[in-house]
Amino acid sequence: MIVVHRHRLSYLLVAFGFLYLLLLDMTGIGIPCLFHLVTGLKCPGCGVTTMLLSLFRLDFLSAYRANPFLLLTLPFLVFEILFAGIYLPYRKKRSRANDIVLLVYILAFLAFGILRNVLSF
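Brief notes about the side chain of Glu80
Stage number 1. In this fold, Glu80 is placed in helix 6 (residues 74–87).
Stage number 2. A polar side-chain atom of Glu80 sits 3.3 Å from a polar atom in the side chain of Asn98.
Stage number 3. The contact partners of Glu80, leaving out residues within four places of it in the chain, are Asn98 and Leu102.

Structure representation (structure tokens):
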């Protein structure tokens, strides 16, 4: 029963995200990055909305320019989300190898956030 509710929540979040992208595409009004507003620096996730809108329009070059790290690792993220939602609920023990891969990914994501401000990309 818990798995069913988790899937409903996932579907609801995906629907909400899709509606947000449609609203943003039609109005141009979005949620600003608080980190960027406060510091003037780009966080590792800055540009993700622009990237998703560009992907929505099949404009891969603009998507890459908005956030190259997230665009290039998007297949990995989709796999991890599916893995966490479908496979992990039925396991009693978490995969140590997957935890290490996720830790490396998070460290690379943070390194990208630092480098994008130092190298200005």
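Here's the deal with the packing of aromatic side chains
Stage number 1. Scanning the model with the defined rule gives 6 aromatic pairs in all.
Stage number 2. Ring plane angle 40° and centroid distance 5.8 Å describe the contact between Phe69 and Phe109, whose orientation is recorded as tilted. Of this pair, Phe69 sits in helix 5 (residues 68–72) while Phe109 sits in helix 7 (residues 96–118); the two residues are 40 residues apart in sequence, bridging distant segments of the chain.
Stage number 3. Judged by centre distance (5.5 Å) and plane angle (20°), the rings of Phe69 and Phe112 are stacked. One end of the pair, Phe69, is in helix 5; the other, Phe112, is in helix 7, and 43 residues separate them in sequence.
Stage number 4. Look at Phe69 and you get buried, because its relative accessible area is 16%.
Stage number 5. Connected via pairs of aromatic rings, a cluster forms that spans Phe69, Phe76, Tyr105, Phe109 and Phe112.

So, the nonpolar core
Stage number 1. By size, the foremost hydrophobic cluster in this structure holds 9 residues: Met51, Leu55, Ala63, Ala66, Phe69, Leu70, Leu71, Tyr105 and Phe112.
Stage number 2. Where this core is concerned, the elements lending two or more residues are helix 3 (48–56), helix 4 (60–66), helix 5 and helix 7.
Stage number 3. With sequence-adjacent residues up to four places away left out, Ala66 is seen in contact with Cys46, Gly47, Thr50, Met51 and Arg116.

Focus on helix 3
Stage number 1. The complete set of buried residues in helix 3 reads Met51, Leu53, Ser54 and Leu55.
Stage number 2. One or two steps after helix 3, the chain reaches Leu58, where phi turns positive at roughly 60°.

Reading guide: rules and limits
- Residues numbered from 1 in each chain as written.
- Predicted model: local features only at pLDDT ≥ 70, side-chain atom pairs only at ≥ 80, totals over all residues.
- Heavy atoms only, no water.
- Helix = DSSP H or I, 4+ residues; strand = E, 2+ residues; numbered from the N terminus.
- Polar contact = N/O pair within 3.5 Å; in protein donor to acceptor, adjacent residues only side chain to side chain.
- Contact = heavy atoms within 4.5 Å.
- Phe/Tyr/Trp six-rings, centres within 6.5 Å; stacked < 30°, edge-to-face > 60°.
- Buried < 20%, exposed > 50% of the residue type's maximum accessible area, 1.4 Å probe, protein only.
- Core = buried A, V, L, I, M, F, W, Y, C linked by side-chain atoms within 4.5 Å.

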